[in-house]
Amino acid sequence: MTSDYKPGLEGVVAARTRLSRVDGEAGELTIAGYPVDDLARHASFEEAVYLLWHDRRPSAEELADFTADLAKRRALPSITLSVINEATRRESGAMDVLRMASSTMSLSTCDGRADQARTLIAAIPTIVAAYARMVDGKPIVEPDPTLGHAANFLTMLTGSSPSDAQVRALDAYLLTVCDHGLNASTFAARVIIATESDMVSAVTGAIGALKGPLHGGAPGPALDMVFEILDARTEGESVGAAADRVIRATLEAGERLMGFGHRIYKVRDPRADVLGEAARKLYAVDDTGFYEAATEIEAIALRLLEEHKPGRRLQTNVEFYTALLLHGIGIPSTLFTPIFAMARAAGWTAHCLEQLEANRIYRPQSEYVGAMGRRW
Ligand code: ACO
């Protein structure tokens, strides 16, 4: 039997979508027809969710209704709070807590997949904020229905009102990463929903896929690398010299640099530019030199990656600037991947609804490479 096995399904087209177009050679990302930078600059997260689900912008009235409905769904049932509390007490990781708590959404929503999608979009931020408060031993902060998605999340997280710059920066992040073609977690969600399973199962599975360090788990380690370099500076050593030394040692040890490389982008990830711009504005409010140092580290990392893997075109990916931006908003690195899930839930649910419009169950083949002819 001949086989055209493609490890990691590289280059295989497994779905048709109107949700986002990723052009890895040109470094372009289009979300429902809009260039990602245009969307990140002008939309709110709620508008983007509506756009992805309905393939058009909402009217002012539709947006008001949609936003109010999401706001109504933010509060968590007591069973979900118990799960978060118990998992936090047992020191489960943030993504494990999110996965377990999200799956309890089956108990509070049973009106079909679109209804489940609305509840998940609304409740995931409350889960993340409640987890963060419990880890810190602080009382949880109830959602505020008068606030937008990003402002409400930051308020639930910190217990105080965020600045406009913080809200705008978080909205820019949520919009920039709300969808991205057939990435691993989105594919996982489509595979699950294509069996005619439910939305909570699909999103819970997607959260599991996003957790891994090769997908959504990179921004925490990317920020760690920046701090490691800054802390490793010896007396009088420049950021550049320390970066060169630490990154060389990392690559020589055979380790990967988190926040660099991408399956699809062989030029700079356009999301890195959108988030870089948002981060630059945010850090300019109270300049400590951190942003400048991080971009210097990025430039050295790119030079050393080219030396280490010539011609592989390893570029900065979205996670490097995610780390800088979310750190600048004041968010701890343990929450970076859960906040990615908050954003990508828009894409996951939209892909699931789209999959069901013309569904066919996913059932690829495997090539058998095991033993033959054995007898028990
Ligand atoms: N640091 C060092 N070397 C790298 C890196 C990196 N960040 N990325 C790729 N390489 C090397 C690989 O070791 C490989 O070398 P080899 O062929 O000699 O073994 C070569 O470059 C090509 O890499 P692949 O593994 O084929 O790339 P793939 O498309 O499978 O993986 C991935 C892409 C997982 C993103 C990879 O670049 C990586 O591990 N990056 C670091 C983790 C990261 O930042 N993840 C976030 C991605 S963005 C997102 O998911 C939202």
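Source: prediction; values computed, not measured. (Residues numbered from 1 in each chain as written. Predicted model: local features only at pLDDT ≥ 70, side-chain atom pairs only at ≥ 80, totals over all residues. Heavy atoms only, no water.)

With that settled, the discussion passes to the overall build of the protein chain. Broken down by element type, the protein chain carries 16 helices and 3 strands. Projected onto the principal axes, the alpha-carbon positions of the protein chain cover approximately 65 × 60 × 45 Å. Taking all 376 residues of the protein chain together, 49% fall into the buried category. Partitioning the intrachain contacts of the protein chain with sequence separation of at least 6 by distance along the chain shows that 75% fall at a separation of at least 24. If you sum the accessible surface of the protein chain, you get close to 18,200 Å²; carbon and sulfur atoms cover 51% of it. Distance between charge centroids for the protein chain: 7 Å, based on 39 positive and 49 negative side chains. (Helix = DSSP H or I, 4+ residues; strand = E, 2+ residues; numbered from the N terminus. Buried < 20%, exposed > 50% of the residue type's maximum accessible area, 1.4 Å probe, protein only. Contact = heavy atoms within 4.5 Å. Areas by Shrake-Rupley, 256 points an atom, 1.4 Å probe, with all protein chains shown as cover. Lys, Arg positive; Asp, Glu negative; His and termini not counted. Charge placed at Lys NZ, Arg CZ, Asp CG, Glu CD.)

Attention now moves to the site of the ligand. Around the ligand, 21 residues are found, and the nearest of them are Arg 256, Leu 257, Gly 259, Arg 263 and Lys 309. Asn 317 places a side-chain nitrogen or oxygen 2.9 Å from an oxygen atom of the ligand. Protein contact buries 77% of the 910 Å² of open area that the ligand shows by itself. Judged by the fraction of its atoms near the pocket grid, the ligand is located in the largest pocket. Here the residues of the shell around the ligand are counted per class, giving 11 nonpolar, 5 polar and 5 charged. Of the residues that make up the shell around the ligand, three or more belong to each of domain 1 (20-214 + 340-357) and domain 2 (219-329). (Near = heavy atom within 4 Å. Polar contact = N/O pair within 3.5 Å; in protein donor to acceptor, adjacent residues only side chain to side chain. 1 Å grid on protein atoms, 1.4 Å probe; cavity = no way out; pocket = protein on both sides within 12 Å on 5 of 7 lines; lining within 4 Å. Sits in = over half its atoms within 2 Å of the grid points. Nonpolar A, V, L, I, M, F, W, Y, C, P; charged D, E, K, R; others polar. Domains from an automatic or database assignment.)

Within the chain, Asp 55 stands out as a residue other than glycine whose phi angle is a positive 60 degrees. Examined against the element boundaries, Asp 55 turns out to sit in the loop between helix H2 (45-54) and helix H3 (60-72). Since its relative accessible area comes to 39%, Asp 55 is described here as partly exposed. The backbone of Glu 91 shows a phi angle near 60 degrees, a positive value even though the residue is not glycine. In this fold, Glu 91 is placed in the loop between helix H4 (78-89) and helix H5 (94-103).

Our next topic: empty space enclosed by the protein. Counted by the stated rule, this structure contains 1 cavity of 30 Å³ or more. The wall of the largest cavity is formed by Gly 261, His 262, Tyr 265, Arg 313, Leu 314, Gln 315, Thr 316 and Asn 317. (Points joined across faces, edges and corners; volume = space filled by probe spheres on them.)

The final tally for this structure, using the stated rule, is 8 aromatic pairs. On the basis of an interplanar angle of 25 degrees and a centroid distance of 5.4 Å, the ring pair of Phe 227 and Phe 290 is categorised as stacked. Of this pair, Phe 227 sits in helix H11 (residues 219-232) while Phe 290 sits in helix H14 (residues 290-308); the two residues are 63 residues apart in sequence, bridging distant segments of the chain. Judged by relative accessible area, which is 30%, Phe 227 ranks as partly exposed. Put simply, the rings of Phe 227, Tyr 283, Phe 290 and Tyr 291 touch in pairs and so form one group of aromatic residues. (Phe/Tyr/Trp six-rings, centres within 6.5 Å; stacked < 30°, edge-to-face > 60°.)

This paragraph deals with the state of the cysteines. By the definition in use, this model includes 0 disulfides. Here Cys 178 is not disulfide-linked; the sulfur of Cys 352 is the nearest cysteine sulfur, at 15 Å. What makes Cys 178 buried here is its relative accessible area of 0%. Classification of Cys 352 by relative accessible area gives buried; the value is 0%. (Disulfide = S-S within 2.5 Å.)

Looking now at the pairing of strand S1 (residues 20-23). Note that S1 and strand S2 (residues 28-31) share 4 bridges and pair antiparallel. Paired with Val 22 across the two strands is Leu 29, which belongs to S2. (Pairing = 2+ DSSP bridges.)

What links the strands of a sheet is backbone hydrogen bonding, and the strands pair in either a parallel or an antiparallel sense. With respect to topology, 3 strands assemble into an open sheet ordered S1-S2-S3, the strand pairing being antiparallel. The open sheet has two edge strands, S1 and strand S3 (34-35), and neither has a second partner.

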